[in-house]
Amino acid sequence: MSRYAAVTGWGHYSPSRVLTNHDLEQMVETSDEWIRARTGIAERRLATEGETTTSMAVVAAQRALERARMDAIDLDLVICASTTPDYLLPAASCIVQERLGAGNAGAFDLNTACTGFLYALVTASQFIRAGTYDRVLVVAAETLSRFTNWKDRNTCVLFGDGAGAVVLEATDRDCGLLSAVLGSQGDVGHLLAIEAGGSANPTSEETLSNGHHYITMRGNEVFRFAVRSMEHAASEALAKAGLTSHDIRMVIPHQANIRIIRATQEALGLPPEKVFINVDRYGNTSAASVPIALSECLSSEAIRPGDNLLFVAFGGGLTWASAVLRWADVDAIIGQREEGPYAI
Ligand SMILES: CC(C)(COP(=O)(O)OP(=O)(O)OC[C@H]1O[C@@H](n2cnc3c(N)ncnc32)[C@H](O)[C@@H]1OP(=O)(O)O)[C@@H](O)C(=O)NCCC(=O)NCCS
């Protein structure tokens, strides 16, 4: 019997604190007009005092588990995608696993920046399809606001905080990933970096006074990489799945910049309404961006079993990722699980 990995739960969490472009006008030399025109962002959410990457991840994960009608104790594995974990050690996934009460699950972190959720989704899917595990939680969460230099207008207008999660489970019903494309180009990694705080450049008075613990970015070069890699990755994922863009119900892209998203949409020859957008309200939440968009898309659009979703992202590393996912008959799979012992 064939095994597939279905997404049966999803959820997201966005902190309550809103930072508008007008707020930013009071902090750096910028304008609402410039930010909207260059990025499409109107406001972003920032973690409140006491909130962390894992506290947001736990809420998103609980929402995903609730939608899947699954108890955390039944999870086999927790994968956490983040560039901004609570600590270098222990891993964010271990904290999430403990707080959820997922006592039977292994846990590991994965860091490919903004493509992290898609790398984790593909990884989780492989664990399930290989028969290693039956139920995997993928959660992506970021607290970029704590790594942002609020005096650097090149970066501080772009980012936001939040978390998104999905539950994947084994099923014999045809669904799940039809294709995946994962790419990396390490030679241009320096274009988007946090230079200090790791083993190459441990935190010191000098790194702190130079602001090397903050995100730095060569925006224009990243922009050109983004447009190129999003187009290529999306087209390759479609070709690998044996589909064209017309077979796609919705594209769920990484929400970094409306101009990058529109360039991708036009390259794919799709109308604007086939691409989900929320960058205006959240900014770029890095790894959390795609699962937050997926979770909102599932609330606002009628996604039916058999619909094909196209995910595409780029990010630090530099990396890119894309995947086509055939939406499952979620309620049927949950119903089957609740009816009797697991039998695939
Ligand atoms: C950052 C970004 C919005 C800048 O837009 P751009 O059209 O490339 O603009 P440029 O970098 O050419 O800068 C244009 C000018 O605006 C200025 N500028 C930069 N940030 C500004 C801000 N917040 N407000 C006003 N002016 C700003 C620059 O200093 C530059 O001024 P100059 O011409 O006098 O030197 C765009 O490059 C981008 O989105 N890049 C990708 C970033 C990204 O997605 N990173 C995350 C990766 S996951």
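This text follows the structure it describes.
Fair warning: this is a prediction, and the values are worked out from it, not measured in the lab. (Residues numbered from 1 in each chain as written. Predicted model: local features only at pLDDT ≥ 70, side-chain atom pairs only at ≥ 80, totals over all residues. Heavy atoms only, no water.)

S.K.: Would you mind going over the site of the ligand with me for this structure?
M.R.: Neighbouring the ligand are 22 residues; Thr 30, Arg 38, Cys 114, Asn 220 and Asn 257 lie closest to it. Within the side chain of Thr 30, one N or O atom sits 2.7 Å away from a nitrogen atom of the ligand. At 2.9 Å from a nitrogen atom of the ligand is found a main-chain nitrogen or oxygen belonging to Gly 219. Computed on the free molecule, the ligand has an accessible area of 960 Å², of which 74% lies beneath the protein chains in the complex. Elements with a minimum of two residues in the shell around the ligand: helix H2 (32-39), helix H6 (153-156), helix H8 (219-241) and strand E12 (308-315). The greatest single-element share of the shell around the ligand, amounting to four residues, is contributed by H8. (Near = heavy atom within 4 Å. Polar contact = N/O pair within 3.5 Å; in protein donor to acceptor, adjacent residues only side chain to side chain. Areas by Shrake-Rupley, 256 points an atom, 1.4 Å probe, with all protein chains shown as cover. Helix = DSSP H or I, 4+ residues; strand = E, 2+ residues; numbered from the N terminus.)

S.K.: Please clarify how the packing of helix H3 (residues 53-68) against helix H4 (residues 92-100) should be interpreted in this entry.
M.R.: Packed helix pairs are specified by the crossing angle of their axes together with the interaxial distance, meaning the distance between the axes. For the pair H3 and H4, interaxial distance at closest approach is 9 Å and the crossing angle is 50°. Of the possible angle classes, the one that applies to H3 and H4 is oblique. Every pair of crossing elements has a handedness; the one defined by H3 and H4 is right-handed. Residues Thr 54, Ser 55, Ala 57, Val 58, Ala 61, Gln 62 and Leu 65 of H3 touch H4, and the partners they reach there are Ala 92, Ile 95, Val 96, Arg 99 and Leu 100. For the contact of H3 with H4, a count of residues per class yields eight nonpolar, three polar and one charged. (Axes fitted to C-alpha atoms, helices over the stretch in contact; angles between N-to-C directions. Parallel < 35°, antiparallel > 145°, perpendicular 65-115°, else oblique. Left-handed = near helix turned anticlockwise from the far one by under 90°. Contact = heavy atoms within 4.5 Å. Nonpolar A, V, L, I, M, F, W, Y, C, P; charged D, E, K, R; others polar.)

S.K.: Would you mind going over helix H11 (residues 289-300) with me for this structure?
M.R.: For the α-helix, the turn length of 3.6 residues means that residues three or four positions removed from each other point alike. Over its twelve residues, H11 extends 16 Å from the first C-alpha to the last, a length consistent with the 16 Å expected when each residue adds 1.5 Å. Listing the buried residues of H11 in full gives Ser 289, Val 290, Pro 291, Ile 292, Ala 293, Leu 294, Ser 295, Glu 296, Cys 297 and Leu 298. (Expected span 1.5 Å × (residues − 1). Buried < 20%, exposed > 50% of the residue type's maximum accessible area, 1.4 Å probe, protein only.)

S.K.: Looking at this structure, how should I read the nonpolar core?
M.R.: Across soluble globular proteins, nonpolar side chains have a tendency to be buried as a group. Membership of the largest hydrophobic core comes to 46 residues, with the highest contact counts inside it found for Leu 121, Val 166, Leu 168, Ile 252, Leu 309, Phe 311 and Trp 327. At eight residues, helix H5 (residues 116-129) tops the list of elements feeding residues into this core. Split by domain, this core shows at least three residues from each of two domains, domain 1 (4-174 + 330-335) and domain 2 (178-326). Beyond its immediate sequence surroundings of up to four residues, Leu 121 is in contact with Val 7, Val 138, Val 166, Leu 168, Leu 177 and Phe 311. (Core = buried A, V, L, I, M, F, W, Y, C linked by side-chain atoms within 4.5 Å. Domains from an automatic or database assignment.)

S.K.: Got a minute to help me understand the side chain of Glu 51 in this structure?
M.R.: As for its placement among the helices and strands, Glu 51 is situated in the loop between strand E3 (43-46) and H3. Buried within the structure, Glu 51 lacks any salt-bridge partner; Arg 146 is the closest side chain of opposite charge, at an N-O distance of 6.5 Å. Among the polar contacts made by the side chain of Glu 51, one reaches the main-chain amide nitrogen of Thr 48 at a distance of 2.9 Å. In this structure Glu 51 touches Tyr 13, Pro 15 and Arg 146, once residues within four positions along its chain are discounted. (Lys, Arg positive; Asp, Glu negative; His and termini not counted. Salt bridge = Lys/Arg side-chain N within 4 Å of Asp/Glu carboxyl O.)

S.K.: So what exactly am I meant to see when it comes to unusual backbone geometry here?
M.R.: The phi torsion of most residues other than glycine is negative, and most of the peptide bonds are trans. Going from Leu 89 to Pro 90, the amide bond is cis rather than trans, its omega being 0°. One can find Pro 90 in the loop between strand E4 (77-81) and H4.

S.K.: How do you make sense of the sheet that holds strand E8 (residues 176-184) when you look at a structure like this?
M.R.: Strand pairs in the sheet, formed through backbone hydrogen bonds, run parallel or antiparallel to each other. Taken together, the four strands give an open sheet; going across it, the order is E8-E13-E12-E11, and neighbouring strands pair in mixed fashion. Sheet topology places E8 and strand E11 (250-253) at the edges, where each strand pairs with a single neighbour. Sheet twist, expressed as the average angle between the axes of neighbouring strands with direction ignored, equals 10°. Across eight bridges, the pairing between E8 and strand E13 (residues 319-326) is antiparallel. Paired with Ser 184 across the two strands is Thr 319, which belongs to E13. (Pairing = 2+ DSSP bridges.)

S.K.: How do you make sense of empty space enclosed by the protein when you look at a structure like this?
M.R.: Over the atoms rolls a probe the size of a water molecule, and in doing so it shows where empty space is left. Counted according to the given criterion, the structure contains one cavity of 30 Å³ or more. In this model, the largest cavity occupies a volume close to 40 Å³. For the largest cavity, the full set of lining residues is Val 251, Pro 253, Ile 261, Thr 264, Gln 265, Leu 268, Val 275 and Val 312. If you list the elements that add at least two residues to the lining of the largest cavity, you get E11 and helix H9 (258-268). When residues in the lining of the largest cavity are grouped by element, the largest group, four residues, is from H9. Of the residues contributing to the lining of the largest cavity, the split by class is six nonpolar, two polar and no charged. (1 Å grid on protein atoms, 1.4 Å probe; cavity = no way out; pocket = protein on both sides within 12 Å on 5 of 7 lines; lining within 4 Å. Points joined across faces, edges and corners; volume = space filled by probe spheres on them.)

S.K.: Hey, could you run me through the pairing of strand E1 (residues 4-13) in this one?
M.R.: Taken residue by residue, a regular strand's side chains alternate between the two faces of the sheet. With respect to burial, E1 is a largely interior element, ten of its ten residues being buried. With nine bridges joining them, E1 and strand E7 (residues 162-171) adopt antiparallel strand pairing. In the strand pairing of E7, Ala 5 is matched with Ala 170.

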